[in-house]
Amino acid sequence: MVESKPRKAFYFLSFVIPCLVLYLIFFITPFGRGIGISLTNWDGLTPKTPISLSKDKFESQILNSPKLSQKDKDKLLSVYSYDEKSDTYKRMQLKGSKRSSIEKIVKKTGYEPEKYKFVGLENYKKIFRGEASEDFYPRVSILSKFNESSDLPLAITKKEFEREICKTLQKTSDEYKSLALAYELNKDSGKYILSNRYDEFDASDALWYLPEVDELKTVPEEDIDALIRSLKTSALTQDYAVGRSLVAKFISTHRLSKSSQDVIYDSCNAYYRIAKIKLILSKNWKVKNFNMGVIGFTLFFAIFSVIGINVLAFGLALALDTGLRGQKVLRTIFFLPNVLSMVIVALIWSMIFVQLLPAITGVEKWISDSHKTPWLLVFVAIWQGCGYYMIIYLAGLQNIPTDIIEAAKIDGASGWQRFTSITLPMMLPSLTISLFMTIANALKSFDLIYAMIGQTGYSTGTVPFVMDIYFDAFSLKQAGMATAKAMVLFFVIVIITGVQLFVMKRKEIEA
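Residues numbered from 1 in each chain as written. Predicted model: local features only at pLDDT ≥ 70, side-chain atom pairs only at ≥ 80, totals over all residues. Heavy atoms only, no water.

Q: Give a description of the overall build of the chain that names residues and reports values.
A: Counting its secondary structure elements, the chain contains 23 helices and 8 strands. Taking 511 residues into account, the globule formula puts the C-alpha radius of gyration at 24 Å, and the chain, at 35 Å, lies well above it. The principal-axis extent of the C-alpha atoms belonging to the chain is close to 120 × 90 × 40 Å. The buried share of the chain, taken over its 511 residues, is 38%. Sequence separation of 24 or more characterises 73% of the internal contacts of the chain that already satisfy a separation of 6 or more. (Helix = DSSP H or I, 4+ residues; strand = E, 2+ residues; numbered from the N terminus. Rg over C-alpha atoms; globule rule 2.2 N^0.38 Å. Buried < 20%, exposed > 50% of the residue type's maximum accessible area, 1.4 Å probe, protein only. Contact = heavy atoms within 4.5 Å.)

Right, dumping it as structure tokens:
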């Protein structure tokens, strides 16, 4: 029985129209709303219509505007009431169409809240001019590896001491000579070890164990504590006169024996000697540090996770397609990580990187090391995602006709020739969809990195695009800028995946 054209059209429209309506409600409308927000400086909280406004401002800027009709004014007064105690107009809660109508009336007056003003393309200009935020772009910065307020390191590796600290120092300079006195190379450990003369704890202990403090109790402990803090602070100025003045004042205030006075002067000299080394280290122990920034890390994560996931998934699929014993069990094992929530995966691997690996390897820093962290995140993403794409590739491999493979074997084609001439071309549809999905997912990655790194990712340069948008919107209260970044990311994903699909589809046709 042949359906009539009107009936076919009816069936078609009855299917398409609901889809279009849902698409309009759940995509086009929010998307248009997002574009509107990206053109403002909205903080994510301030409403378009003020909840409360002083009497003078409300009447002069809104209610008495010549652009409003009497009907508009009546509508405003139906939702705003004057509070004499606070001398303000307060708005009742608005919903749905009533809120929209009030917003339109307020818009007529030209009134804009301070945190919801139209700024045009300013947010986009800031992004492309490099003014969004310092952490958003790749940059080279100078990282100070020692702070003058910290304790002197007891040991410094040979590489750090010679290539980082002493790199710019002349061997004849006073600073180099001072460092050479403080640190001596231990050939067995390959480290420069701090001399006992520069041990700050020894200098402090000498004061705490003075007879007048420890035994006779004639000097209060809080006085010694204050003296130590004052000497440490003054030592950083390297003004010996200040230190000696502090010691002289302390001695005149308390009755101390000659031996105790000598100990205090020795400790004072020790603090100044130690502070000199601290100042040298804080001045010279600096290294150049490359921070990928949000953009750089997002590209890094996308490139290596996409390559890693697809190569490993394809390799596993090829291995499982050879008829291995127990391949169903192996398929389940490889797919299991994908069943787990990404947050659970992040917590498991965080525990491994923070507790297990340091205990096994002796290397303390893993996930907190800016050099290791990007690669560890890529590794976890590959581990979690490859099982899913393995199934896609396995389905593609099993759809290749076996008679073609057998004919190639009979013709004498090697395994590599069969792979490049038959398997790979016929796997292009699976490769196309897998690349599309992995690229899109990598560029909008969030939950794994947020659960493993959080806001500390800015210090290690491991904050992806979506996480930066999240922090802009909810931590910095810059919803307008965050939405502008989201729009930029949307178009980047559309362009990259569009080009990828176009190229791969052409190759499918050629194959």
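Q: Describe the side chain of R91, listing the residues and the values that go with them.
A: Looking at the element boundaries, R91 is found in strand β3 (residues 88-91). No salt bridge is formed by the buried R91; its nearest oppositely charged neighbour, E103, is found at 7.5 Å. A distance of 3.3 Å separates a polar atom in the side chain of R91 from the backbone oxygen of T49. In terms of polar contacts, R91 uses its side chain to reach the backbone carbonyl oxygen of P50, at 3.3 Å. (Lys, Arg positive; Asp, Glu negative; His and termini not counted. Salt bridge = Lys/Arg side-chain N within 4 Å of Asp/Glu carboxyl O. Polar contact = N/O pair within 3.5 Å; in protein donor to acceptor, adjacent residues only side chain to side chain.)

Q: I'd like a description of the pairing of strand β6 (residues 183-186), backed by residues and values.
A: Pairing of β6 with strand β7 (residues 191-194), which is carried by 4 bridges, proceeds in the antiparallel orientation. Looking at β7, one finds that E184 is bridged to I193. The antiparallel pairing of β6 with β7 creates a hairpin that spans 4 residues between the two strands, and G190 there sits at a positive phi of about 70°. (Pairing = 2+ DSSP bridges.)

Q: Any chance you could break down the packing of helix α10 (residues 221-235) against helix α11 (residues 240-253) for me, citing the residues and the numbers?
A: Between two packed helices, both the angle of their axes relative to each other and the distance between the axes serve to describe the pair. Packing of α10 against α11 leaves a shortest axis separation of 9 Å and a crossing angle of 165°. Classified by the interaxial angle, the pair formed by α10 and α11 is roughly antiparallel. Like other packed secondary-structure pairs, α10 and α11 cross with a definite hand, here right-handed. Contact residues: α10 offers D223, I224, L227, S230, L231 and S234, while α11 offers V242, G243, L246, V247 and F250. Tallied by class, residues from the contact of α10 with α11 come to 7 nonpolar, 3 polar and 1 charged. (Axes fitted to C-alpha atoms, helices over the stretch in contact; angles between N-to-C directions. Parallel < 35°, antiparallel > 145°, perpendicular 65-115°, else oblique. Left-handed = near helix turned anticlockwise from the far one by under 90°. Nonpolar A, V, L, I, M, F, W, Y, C, P; charged D, E, K, R; others polar.)

Q: Describe the pairing of strand β8 (residues 286-291), with residues and values.
A: Every second residue of β8 is oriented toward a common face, the buried set being V287, N289 and N291 and the non-buried set K286, K288 and F290. One ladder, built from 6 bridges, connects strand β4 (residues 139-144) with β8; its direction is antiparallel. Paired with I142 across the two strands is K288, which belongs to β8.

Q: Any details on the sheet that holds β7? Residues and values, ideally.
A: By definition, the strands of a sheet pair up through backbone hydrogen bonds, in either a parallel or an antiparallel sense. With antiparallel pairing, 3 strands are arranged side by side in an open sheet as β5-β7-β6. Looking at which strands have only one partner, the edges of the open sheet turn out to be β5 (155-157) and β6. Between one strand axis and the next, the sheet turns by 30° as a mean value, whatever way the strands run. In the packing of helix α6 (residues 158-165) onto the sheet, contacts are made with β5, β6 and β7, and the angle to β5 comes to roughly 75°. On the sheet, helix α7 (residues 174-182) packs against β6 and β7 and is oriented at approximately 55° with respect to β6.

Q: Before we move on, can you summarise unusual backbone geometry with the specific residues and values?
A: Phi is positive for K217, which is not a glycine, with a value near 60°. By the secondary structure assignment, K217 is in the loop between α9 (211-214) and α10. What makes K217 exposed here is its relative accessible area of 55%.

Q: An account of empty space enclosed by the protein is requested, with residue identities and associated values reported.
A: Summed over all chains, the structure comprises 1 cavity of 30 Å³ or more. Considering only enclosed or pocket space, the largest cavity measures out at about 40 Å³ in volume. Of the residues belonging to the lining of the largest cavity, the class tally is 3 nonpolar, 5 polar and 1 charged. (1 Å grid on protein atoms, 1.4 Å probe; cavity = no way out; pocket = protein on both sides within 12 Å on 5 of 7 lines; lining within 4 Å. Points joined across faces, edges and corners; volume = space filled by probe spheres on them.)

Q: If you had to explain helix α2 (residues 55-63) to someone new, which residues and values would you point to?
A: For α2, the complete set of buried residues consists of F58, I62 and L63. All buried residues of α2 project into a common sector of 70° when viewed along the axis, lining one side. In this structure, α2 carries D56 and S60 as exposed residues pointing more than 90 degrees from its buried face. Next to the buried residues of α2 lie β1 (52-54), α3 (70-79), β2 (80-83), β3 and α4 (96-109). (Arc of directions from axis to C-beta.)

Q: Got a sec to walk through a negative patch on the surface? Specific residues and values, please.
A: A surface patch of like charges, here negative, comprises D214, E215, E221 and E222. Along the chain, E222 turns up in helix α10. A relative accessible area of 55% means that E222 is categorised as exposed. (Patch = residues over 30% accessible without salt bridge, like charges linked within 9 Å, V, L, I, M, F, W, Y side chains within 5 Å. Areas by Shrake-Rupley, 256 points an atom, 1.4 Å probe, with all protein chains shown as cover. Charge placed at Lys NZ, Arg CZ, Asp CG, Glu CD.)

Q: An account of the nonpolar core is requested, with residue identities and associated values reported.
A: Counting residues in hydrophobic clusters, the biggest one holds 71 residues, and the most contacted among them are F301, F353 and M452. When residues in this core are grouped by element, the largest group, 13 residues, is from helix α16 (residues 373-398). Residues contacting F353, with those up to four places away along its chain left out, are P358, W366, I367, L376, V380 and M452. Ranked by size, the runner-up nonpolar core spans 20 residues in total, among them V219, I224, F250 and Y272. (Core = buried A, V, L, I, M, F, W, Y, C linked by side-chain atoms within 4.5 Å.)

Q: Describe the pattern of salt bridges, naming the residues involved and giving the relevant values.
A: One pass over the full model with this rule turns up 16 salt bridges. The partner of E131 in a salt bridge is R129, and the shortest N-O contact between them spans 3.3 Å. For E131, a relative accessible area of 45% corresponds to the partly exposed category. Since its relative accessible area comes to 47%, R129 is described here as partly exposed. With its nearest N and O atoms 2.6 Å apart, the salt bridge here joins D472 to K485. In this pair, D472 is assigned in helix α22 (residues 465-474) and K485 in helix α23 (residues 479-510), connecting sequence segments 13 residues apart. Assessed through its relative accessible area of 1%, K485 is described here as buried.

Shape is all these values report; function is a separate question.
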